[in-house]
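Examination of the molecular architecture
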Amino acid sequence: MAKVKIIGEQPLHGAINISGAKNSALPILAAAVLLDGESIISNVPQLTDITTMVRMLRSINILAEQSGGKIRIVNKKQVKHLIPYELVTKMRASFFIAGPILAKVGMVRVPMPGGCAIGSRPVDIHLKGFQALGAVVSLEHGFIEIRCKKLKGGQVNFPFPSVGATENIMMAATLAEGVTTIANAAREPEIVDLADLLNEAGANISGAGSSTIVITGVSALHGVKHAVIPDRIEAGTMLLAGLITRGQITVNNVRPADISALLSVLSETGARFEIENNSITAALGARWRGAQVVTQPYPGFPTDMQAQLMAYLALAEGASTVRETIFENRFMHIGELQRMGARIRAEERTAIIEGVAGLSGAEVKATDLRAGAALWLAGLAAQGETTIYGVEHIERGYEKLTEKLSALGARIKRIN
Ligand code: UD1
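Only a predicted model underlies this, so the values are computations on that prediction, with no experimental measurement involved.

Looking now at the overall build of the chain. Of the regular secondary structure elements, the chain holds 14 helices and 24 strands. Against the globule reference of 22 Å for 416 residues, the chain gives a C-alpha radius of gyration of 21 Å, in line with a compact fold. Summarising its shape, the C-alpha atoms of the chain cover approximately 60 × 45 × 40 Å along the three principal directions. Per-residue burial for the chain yields a buried fraction of 57% across its 416 residues. When the accessible surface of the chain is split by element, carbon and sulfur atoms take 49% of a total near 15800 Å². Within the chain, one finds 42 positive and 37 negative side-chain charges whose respective centroids are separated by 4 Å.

Here you go:
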């Protein structure tokens, strides 16, 4: 098992480029099933989750070649309807390919999805959406089978603005007959990026980024060239790395508006920013103050920044509360931060944090991607050495992490 060792208390300084968004690249690669001919997707981060999606495309008869941050896709053969168990159980986002396959082939057979251990993550909202477009869903022997010769546009009302379900239904509806309206759609920037790609390919989608998306079906989509948007979660995490070490870093290749909820919480704690078109510089005075935070669907505070923010608040002056409303079981990092001297307790879905003056290095374990990010942030700030096990979780979402942090002055080493 690989691990990372960090010697803390080194202030980070300098500038780094933020990679393309994993959560945009994944559905965009899934959308390749819908695009006939050749497509080139650029600004794709090199991460294990992306490799899994590339393997998934290959497994259903689509050529996908990865070269650095570019992926060339050629979709000319009959797409297969069966998704391999081994890939789906690795990554929940594999299920995002179900909608495109269903729309293209008329049926899809997919094993029940797996992914990060952050609470039960059902796919019922996706399935009800497919049913609203005329599909028949059956569950047997651990497989979900969805059938419909030709999807028909319909009214889809989500009980909750699920990101993945919005993407899945939006993709499926591009090739349905007639008009589909998604009400209570998720509004994340990644959904707008996906809709932009589909529209460039000939789809007719309006309203992406608002809570009502209207898709008028077309008969076919063609190949495109598209660059993935920057990763707002990596940008936010790197800004925290600068702040938590009392350094000053600039993140380049970002879209500041995408992280305004984070910036407003950090401003409350005393951080100051210089914001330009596509870069942000963050710095602090002395110690920062606590804050009260609630995770919400976009444009609210993102659940994917909750663990990292908690590491930062663990070192704030005074008390903070963080309430997690999106996932049931997303406090696995609390126990590990406690090992490093943090004073945090959970009461149901709220974490109560009493800020401490310092953390101390310890051996800790990353249980999921963002919990792992909270630990490397804590390790950068802590006194002494921190060893983080479960690095493969972190590598699902942070491209070239050790190289990027080393370039900013961190003392960090990956050990196989
Ligand atoms: C996406 C992101 C993930 C982020 C999450 C919320 C990707 C690849 N992943 O995940 O990083 O944390 O959005 O911002 O983009 N739910 C149901 N039934 C469903 C679908 C979801 O009950 O059919 C629940 C989930 O269990 C969870 C909540 O809805 O409690 C949010 O899930 P959702 O927005 O669907 O997250 P993902 O798309 O899986």
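Further remarks concern the packing of aromatic side chains. Here the structure, examined in full by the defined rule, presents 2 aromatic pairs. Taken together, a centroid distance of 4.8 Å and an interplanar angle of 0° make the contact between Trp288 and Tyr312 stacked. Of the two residues, Trp288 is situated in the loop between strand 17 (279-283) and strand 18 (292-294) and Tyr312 in helix 10 (residues 306-313); the sequence distance between them amounts to 24 residues. According to the relative accessible area criterion, Trp288 is buried, its value standing at 0%.

With that settled, consider the pattern of salt bridges. For the structure on display, the rule yields 17 salt bridges. Across the pair Glu177 and Lys152 runs a salt bridge, and its minimum N-O distance is 4.0 Å. A residue pair is termed long-range when its members are at least 10 positions apart, and Glu177 in the loop between helix 6 (163-173) and strand 10 (179-183) and Lys152 in the loop between strand 8 (143-147) and strand 9 (155-157) qualify at 25 residues. Here Arg255 and Asp258 are joined by a salt bridge, their closest N and O atoms 2.9 Å apart. With relative accessibility at 34%, the residue Arg255 sits in the partly exposed group. A relative accessible area of 12% means that Asp258 is categorised as buried.

Residues in contact with the ligand amount to 20 residues; listed here are only the nearest, Asp124, Ile125, Ser162, Asp304 and Ile326. In this structure, an oxygen atom belonging to the ligand sits 2.7 Å away from a main-chain N or O atom of Ile125. In this structure, Val163 approaches the ligand through a main-chain N or O atom, which is 2.8 Å from an oxygen atom. For the ligand, the protein covers 87% of the area, taking 730 Å² as the surface of the free molecule. Within the residue set of the shell around the ligand, elements represented by two or more residues are helix 5 (124-132) and helix 6. The biggest single contributor to the shell around the ligand is helix 5, with 3 residues.

Analysis parameters
Residues numbered from 1 in each chain as written. Predicted model: local features only at pLDDT ≥ 70, side-chain atom pairs only at ≥ 80, totals over all residues. Heavy atoms only, no water. Helix = DSSP H or I, 4+ residues; strand = E, 2+ residues; numbered from the N terminus. Rg over C-alpha atoms; globule rule 2.2 N^0.38 Å. Buried < 20%, exposed > 50% of the residue type's maximum accessible area, 1.4 Å probe, protein only. Areas by Shrake-Rupley, 256 points an atom, 1.4 Å probe, with all protein chains shown as cover. Lys, Arg positive; Asp, Glu negative; His and termini not counted. Charge placed at Lys NZ, Arg CZ, Asp CG, Glu CD. Phe/Tyr/Trp six-rings, centres within 6.5 Å; stacked < 30°, edge-to-face > 60°. Salt bridge = Lys/Arg side-chain N within 4 Å of Asp/Glu carboxyl O. Near = heavy atom within 4 Å. Polar contact = N/O pair within 3.5 Å; in protein donor to acceptor, adjacent residues only side chain to side chain.

Nothing here speaks to function; it is all geometry.
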